Amino acid sequence: MFEPEIEKMKPEAIAKLQNERLKKMMRYAYENVPFYKKKFKEANIEPDDIKSSEDMHKVPFTVKNDLRDHYPYGILAVPREDIVRFHSSSGTTGIPTVVGYTRKDLETWSRLMARTIACPGVKKGDIMQNIYGYGLFTGGLGFHYGAELLGVSVIPTSTGNTKRQLKIMKDMKTTVIACTPSYALYLSEAAIDEGYKPKEDFNLKYGLFGAEAWSEEARKKIQDNLGLGAYDCYGLSELYGPGVAMECQHQNGLHIWTDEFLVETIDPETGEVLEPGKRGELVFTMLTREAMPLLRYRTRDLATLSQEECECGRYHTRIMRVSGRSDDMLIIGGVNVFPSQIEEVLFKTPELGDQYQIYVDRKKLDRMTIKVELSPEAWVDKDLDKGALIKRILDELVSVIVIKPKIELLEPKTIERSVGKAVRVVDLRKS
Ligand SMILES: [Zn+2]
């Protein structure tokens, strides 16, 4: 553990620290951010009305559009001169959201990232190849400074140039890779194409995978292919970036760093706070950020929380796997479908490869087509009964997602590979 004095805190101690910080933060946001002063007045509350996490339901939500409405400098609580760095979303889905950091915010984020990287067992002496993008995206620099603080040797390769990534991985005996899970799958495929035997030629122990929702079956594939332990990281560019929650060595939910983030789950329709254990939308309140406080920020990510002690000794509330962003949820003929549910079924089928795409269009009714590559072995298997295979996949799928899509089996390596987040869904109804 990077900060055992905090990571081993008992639930009562965490709650006490949260409530102390919460009271201060309410006053701070009210006095320094006009946006929040206005919101408090509209809701008819004073900062002192919020004495503990129990009172949070009185505080209005903050949503992504609130940040967009304040483009470019956001809802800053400090003068612009005190900001030492900005990050920004790509803006592919609208006006970008810009986030500012003071020097103290960067220190806090680095500590959270050091905890995150250490959580599954990475320590000084490890060699981390950081394949997340460096730049406006928070992944690259977030992992970079966290790993340096932890004392890990960082190789800042950033994204792209897969051949060079593999050569460095072998030559420099990389023990940790940090990237998206879809790129990890692609790396394992490319390694075999380049003539490497991943388990023998590489020295990989840990994979720190985030920025995408991925299934348990994807985890198994990556672990089997690369011979490492694959761990899920969770974060949001609006809340520093990565480093909000992380899996430990037990791979049983992601520990949220609750000394810095107060988490709630709400009913996404009504906004009502749900009891722990009920699946809902994650909502975060940042407890110490100086530059840009966020109160009850709606993530649009759906998950359940667990407050039980973990075998690792941490009591920090766990996210029991993010099933997907509500934005990613497809509604097909009135039925809710998450791409990760489809992935789970495809990746469990041994005759299929690692790459698939889901197409949705509408003639009279919504139609879903899943294009999936066969594995190289299945592709050359003359005895393969494709009709029977498709029927088996459909039986499994229908039991999980209810609707019956069309399945197309493709030759290996026909779907375009991505170096960052994979394009898994093509929704032609939107164009
Ligand atoms: Zn744990």
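Residues numbered from 1 in each chain as written. Predicted model: local features only at pLDDT ≥ 70, side-chain atom pairs only at ≥ 80, totals over all residues. Heavy atoms only, no water.

1. Remarks on the coordination of the zinc ion
Working step 1: Looking at the zinc ion, one finds its protein donor set to be C248 (SG), H255 (NE2), C310 (SG) and C312 (SG), positioned 2.1 to 2.3 Å from the metal centre.
Working step 2: Geometry at the zinc ion is tetrahedral, judged from its four donor atoms and the angles of 102 to 115 degrees they form at the metal.
Working step 3: For the zinc ion, all donor residues lie on one chain, and their spacing in sequence is C-x6-H-x54-C-x1-C. Taken as a pair, C248 and H255 share a single burial class, namely buried. (Donors = N, O, S within 2.8 Å, 3.2 Å for Na, K, Ca; no water. Tetrahedral: all angles 85-135°; square planar, octahedral: opposite > 155°, others 65-115°. Buried < 20%, exposed > 50% of the residue type's maximum accessible area, 1.4 Å probe, protein only.)

2. Side note on the domain arrangement of the chain
Working step 1: Each domain of the chain was delimited in the assignment, giving domain 1 (1-325) and domain 2 (329-430).
Working step 2: Once you take the C-alpha centre of each, domain 1 and domain 2 turn out to be 30 Å apart.
Working step 3: Between domain 1 and domain 2, the contact holds 23 residues from the first and 18 residues from the second.
Working step 4: Of the roughly 1700 Å² buried where domain 1 meets domain 2, counting both sides, 53% is carbon and sulfur surface.
Working step 5: Contact with domain 2 buries surface across domain 1, with E189, E217 and K221 losing the most and accounting together for 28% of the total.
Working step 6: D193 serves as the salt-bridge partner of K413, at 3.0 Å between the closest nitrogen and oxygen.
Working step 7: Counting across the domain 1 and domain 2 interface gives five residue pairs in polar contact (both at pLDDT 80 or more).
Working step 8: Elements with a contribution of two residues or more to the side of domain 1 that touches domain 2: α8 (181-193), α10 (216-226) and β15 (324-325).
Working step 9: The element best represented in the side of domain 1 that touches domain 2 is α8, accounting for six residues. (Domains from an automatic or database assignment. Contact = heavy atoms within 4.5 Å. Buried area = accessible area lost by both parts, 1.4 Å probe. Salt bridge = Lys/Arg side-chain N within 4 Å of Asp/Glu carboxyl O. Polar contact = N/O pair within 3.5 Å; in protein donor to acceptor, adjacent residues only side chain to side chain. Helix = DSSP H or I, 4+ residues; strand = E, 2+ residues; numbered from the N terminus.)

3. Some points on the packing of helix α11 (residues 339-347) against helix α13 (residues 386-401)
A pair of packed helices is captured by two measures, namely the crossing angle of their axes and the spacing between those axes.
Working step 1: Running from amino to carboxyl end, α11 crosses α13 at an angle of 150 degrees, the nearest separation of the two axes being 10 Å. It follows from the interaxial angle that α11 and α13 lie roughly antiparallel. Classified by chirality, the crossing of α13 by α11 is right-handed. For the pair α11 and α13, the contacting residues are Q341, I342, V345 and L346 in the first and I393, E396, L397, V400 and I401 in the second.
Working step 2: In the contact of α11 with α13, the residues fall into seven nonpolar, one polar and one charged. (Axes fitted to C-alpha atoms, helices over the stretch in contact; angles between N-to-C directions. Parallel < 35°, antiparallel > 145°, perpendicular 65-115°, else oblique. Left-handed = near helix turned anticlockwise from the far one by under 90°. Nonpolar A, V, L, I, M, F, W, Y, C, P; charged D, E, K, R; others polar.)

4. Let's talk about the sheet that holds strand β21 (residues 425-427)
Working step 1: With respect to topology, four strands assemble into an open sheet ordered β20-β19-β18-β21, the strand pairing being mixed. Looking at which strands have only one partner, the edges of the open sheet turn out to be β20 (406-410) and β21. Between one strand and the next, the sheet's axes are offset by a mean angle of 20 degrees, whatever the strand orientation.
Working step 2: In this structure, strand β19 (residues 366-374) lies alongside β20, joined through five bridges in parallel fashion. Across the sheet, residue T369 finds its bridge partner in β20, namely K406.
Working step 3: In the packing of α11 onto the sheet, the strands contacted are β18 (352-362), β19 and β21, and the crossing angle to β18 comes to about 140 degrees. (Pairing = 2+ DSSP bridges.)

5. Notes on the packing of aromatic side chains
Working step 1: This structure, assessed with the given rule, holds 15 aromatic pairs.
Working step 2: Both rings, one in Y73 and one in F86, keep their centres 5.4 Å apart while their planes meet at 40 degrees; by these two values the pair is tilted. Here Y73, found in the loop between α4 (64-69) and β1 (85-88), pairs with F86, found in strand β1; they are 13 residues apart in sequence, far enough to count as distant.
Working step 3: Residues F209 and W214 carry aromatic rings whose centres are separated by 5.8 Å and whose planes lie at 85 degrees to one another, so their mutual orientation is edge-to-face. Each member of the pair, F209 as well as W214, is classed as buried.
Working step 4: An aromatic cluster is defined as three or more aromatic residues linked by ring pairs; in this entry it consists of Y101, W109, Y234, Y240, F261 and F284. (Phe/Tyr/Trp six-rings, centres within 6.5 Å; stacked < 30°, edge-to-face > 60°.)

6. Things to note about the side chain of T299
Working step 1: You can see T299 is positioned in strand β12 (residues 297-303).
Working step 2: Relative accessible area serves as the criterion here: at 6%, T299 is assigned to the buried category.
Working step 3: Only 2.7 Å separates the side chain of T299 from the backbone oxygen of L282, close enough to count as a polar contact.

7. Observations concerning the state of the cysteines
Working step 1: Scanning the model with the defined rule gives zero disulfides in all.
Working step 2: Considering cysteine sulfurs only, C233 is the nearest to C179, which forms no disulfide, with 9.6 Å between them. (Disulfide = S-S within 2.5 Å.)

8. What to know about the nonpolar core
Working step 1: By size, the foremost hydrophobic cluster in this structure holds 71 residues, and its most contacted members are M128, L208 and F261.
Working step 2: In terms of residues, this core owes the most to one element, helix α5 (residues 103-118), which gives seven residues.
Working step 3: Apart from the residues lying within four places of it in its own chain, the contact partners of L208 are I117, P120, M128, Y132, F143, V176, I177, A178, C179, Y231, C233 and M246.
Working step 4: Formed by 46 residues, the second largest nonpolar core is a distinct cluster that contains A190, L226, I401 and I407. (Core = buried A, V, L, I, M, F, W, Y, C linked by side-chain atoms within 4.5 Å.)

9. Quick word on the sheet that holds strand β13 (residues 305-306)
Working step 1: A sheet is described by the order of its strands in space; here nine strands give the open sequence β4-β3-β5-β6-β7-β8-β9-β14-β13, paired in mixed fashion. Each edge of the sheet is formed by a strand with only one pairing partner; in this case those strands are β4 (153-155) and β13.
Working step 2: Bridging between strand β9 (residues 254-256) and strand β14 (residues 318-319) involves two bridges; their strand directions are antiparallel. When the bridges of β14 are listed, H255 appears paired with R318.
Working step 3: Most of the contacts of α5 go to strand β8 (residues 241-247), to which it runs at about 30 degrees, and overall it touches β3 (127-130), β6 (206-209) and β8.

10. Here we look at the pairing of β18
Working step 1: Across the 11 residues that make up β18, a large majority, eight, are buried.
Working step 2: The pairing of β18 with β19 spans eight bridges and is antiparallel. Each bridged residue has a counterpart across the sheet, and for V360 the counterpart in β19 is M368.
Working step 3: As consecutive antiparallel partners, β18 and β19 are separated by three residues.
Working step 4: As defined by bridge partners, β18 adjoins β21 across three bridges and the pair is classed as parallel. Residue pairing across strands places V360 opposite D427, the latter belonging to β21.

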